[in-house]
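Listed here are the chains, written in short residue letters.
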Amino acid sequence: MLCAHPALVAASPQAPVIDTFAGDDWRHNGATYLMHSFFYANRVGVAPSRPTREPFYPKIEFDTPDGYDFFLRHGSLADLDAKFFQGKNQLWNDLLNHPNYDVTWKSRNLRPHLKNIRPALLTVGGWFDAEDLFGALEANRCFQADKANNVFVMGPWIHGGWNFASGASLGPVTFGSNTAEYYREKIELPFFVHHLKGKGVWTSPAALIFETGANRWRKFPHWPPPETKSFALYLDAKGQLGGPAHLPIPGEKDSFDEYVSDPARPVPYCENLDTRMVPEYMAADQRFASRRTDVLVYESKPLLDPLMLAGPIEVELYVSTTGTDSDWVVKVIDVYPNDYRDPNPNPKLAGYQQLVRGEVMRGRFRTSLEKPEPFEPGKPTLVKFTLPDVCHTFRTGHKILIQVHSTWFPLVERNPQTFVDIGRAKASDYRKATQRVYRTKELPSRLTFTVLP
């Protein structure tokens, strides 16, 4: 596609890998996606000595089915290397030896190459793709900037889910139709039949987007839609979300929230912990995390009208830590009413806290992925980052809930919370830290949503 032969008239980038340090596969904002990297390193990190049709990689024998316990006991990336790879796995070596955004990662960034594309494109991604959601969104942004002949499709799917199964649900969350079957029959097949065989009529807007929550396909001339507006929610006192009017001035007693983050007891990323990353975590119930003392929770009142998010979510947190480094995990959650019943009916969704979007920011990279810098203990500091796009409607009676915490294990490797080489951290480097999130007029922690009126 990038240097297309004249005979190549159409191509479909599906879950494209664009930048594996910033947001695809191995790292998100510099933080290693531990379970996913470990699973795939064993399969792709060593080249076979000869052509083979059989798996050539050794099968890792886990001594427990509990991934939380397994990765907690095996420590840092270096500890895992010593136990399982012994310096012979190229992917793991890259993760271990290149902790910052250096030439190793920059050379694999595809953004500079996504230009002057001649073939017709069908770019496809899934809202619940735990591996390459970032890549699909970034590829589309590049194609739009290049004015490529591209149709962008996003559905309610896990990684590759548009190519198998029905796409009717993810865990207990249902989507009202067989969305993957619809994509294969009504979008992908007509696209290729038209461009490769010259048959049928192919007319499509620039973006075919599935709106979760409302469970419907939407057509837009651009993604995000051109008529969107910004809407900010501020972290407020007593675990509330609201506007800036009631934020206190600095120095008042009620000007921050705090929690103790302990790397020895990290926040799990889901309740059902396997040794492999569970892709369903991207729509999983978050009540288990809301009940922990090392998770801050901020909740809106029940919505009187639907609220549709259509685009990225900007995070601005004013924080401090008693350590010299920290991760910051932010989640946007759709809280179902306690009396909710779906058409089945499904009582599992009564009070359900559905993860809509979550992301991690490794604090040392808050100003640059290339040049990490420590925190000054106790000093309020701004941490800004972007959650990947969503197209989701919070329905009437639902609530918006925001969670903030500093571990997300074993999805993400633990930050020792000291400014050391994390991949080679020793047991003594992992220390508790008291984290504060400020919410004053001068230090207003907030999330800014892209809203479609």
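In this text, all values refer to a predicted model and were calculated from it rather than measured experimentally.

Conventions and cut-offs
Every chain's residues receive numbers from 1 upward, in the order its sequence appears when written. Only residues with pLDDT of at least 70 get local features here, since the model is predicted, and only at 80 or more are side-chain atom pairs given and counted; chain-wide, interface and lining totals rely on the full set of residues. Derived side-chain values reflect all non-hydrogen atoms in the structure, with water molecules and hydrogen atoms excluded from consideration. Axes, fitted as lines to C-alpha atoms, cover a helix only where it is in contact. Angles between the N-to-C directions of the axes lie from 0 to 180 degrees. Helix and strand definitions follow DSSP, with helices as H or I runs of at least four residues and strands as E runs of at least two, each counted in order from the N terminus. Working definition: roughly parallel below 35 degrees, roughly antiparallel above 145 degrees, roughly perpendicular at 65 to 115 degrees, and oblique for all remaining angles. By definition in these notes, contact holds between two residues if any of their heavy atoms fall within 4.5 Å. Just so you know the grouping, Ala, Val, Leu, Ile, Met, Phe, Trp, Tyr, Cys and Pro go in nonpolar, Asp, Glu, Lys and Arg go in charged, and all remaining residues, Gly too, go in polar. Criterion for a salt bridge: a side-chain nitrogen of Lys or Arg within 4 Å of a carboxyl oxygen of Asp or Glu. Under the scheme applied here, a residue whose accessible area is under 20% of the maximum for its type counts as buried, over 50% as exposed, and between as partly exposed, the area being computed with a 1.4 Å probe on protein chains only. By arc we mean the arc of the directions from the helix axis to the C-beta atoms, nothing more. Two N or O atoms form a polar contact when they lie within 3.5 Å of each other; inside protein one atom must be a possible hydrogen donor and the other a possible acceptor, and for residues adjacent in sequence the pair counts only when both atoms belong to side chains. When DSSP finds two or more bridges between two strands, those strands count as paired.

Caption draft 1: Spotlight on the packing of helix α1 (residues 34–44) against helix α4 (residues 90–97). Axis separation between α1 and α4 bottoms out at 7 Å; the angle between their running directions is 140 degrees. When the interaxial angle is binned, α1 and α4 end up oblique. Taken together, the residues of α4 that come into contact with α1 (itself represented by L34, S37, F38, Y40, A41 and V44) are L91, W92 and L95. For the contact of α1 with α4, the per-class residue count stands at 8 nonpolar, 1 polar and no charged.

Caption draft 2: How the structure looks around the pattern of salt bridges. Evaluated as defined, the whole model comprises 22 salt bridges. Among the salt bridges present, the one from E413 reaches R362, with a minimum N-O distance of 2.8 Å. A residue pair is termed long-range when its members are at least 10 positions apart, and E413 in the loop between β18 (399–405) and β19 (433–438) and R362 in strand β16 (residues 353–362) qualify at 51 residues. Residues E413 and R362 agree in their burial class; the two are buried. For K426, the salt bridge goes to D429, with nearest N and O atoms at 3.6 Å. Given a relative accessible area of 52%, K426 falls into the exposed group.

Caption draft 3: Region of interest: helix α3 (residues 77–85). Taken together, the buried positions of α3 are L77, L80, D81, F84 and F85. Viewed along the axis of α3, the buried residues span an arc of 105 degrees, placing them on a single side of the element. Opposite the buried face of α3, by more than 90 degrees, sit the exposed residues A82 and K83. Where α3 is buried, its residues contact β2 (27–28), β3 (31–32), α1, α2 (67–74) and α4.

Caption draft 4: Structural view of α2. Of the residues making up α2, those classed as buried are G67, Y68, F70, F71 and H74. The arc enclosing the buried residues of α2, seen along the axis, measures out at 165 degrees, which places them on a common side. Buried residues belonging to α2 abut α1 and α3. Its side-chain oxygen at 3.0 Å from the backbone nitrogen of Y68, D66 defines the N-terminal cap of α2. Just beyond α2, the residue with positive phi is G75, at close to 75 degrees.

Caption draft 5: Molecular detail of the pairing of strand β20 (residues 446–451). Most of β20 sits out of view: 5 of its 6 residues are buried. In this structure, strand β10 (residues 229–236) lies alongside β20, joined through 6 bridges in antiparallel fashion. From the neighbouring strand, A232 faces β20, where its bridge partner is T448. Examined bridge by bridge, strand β14 (residues 307–321) and β20 share 5 bridges and lie antiparallel to one another. Within β20, the residue paired with L309 across the bridge is V451.

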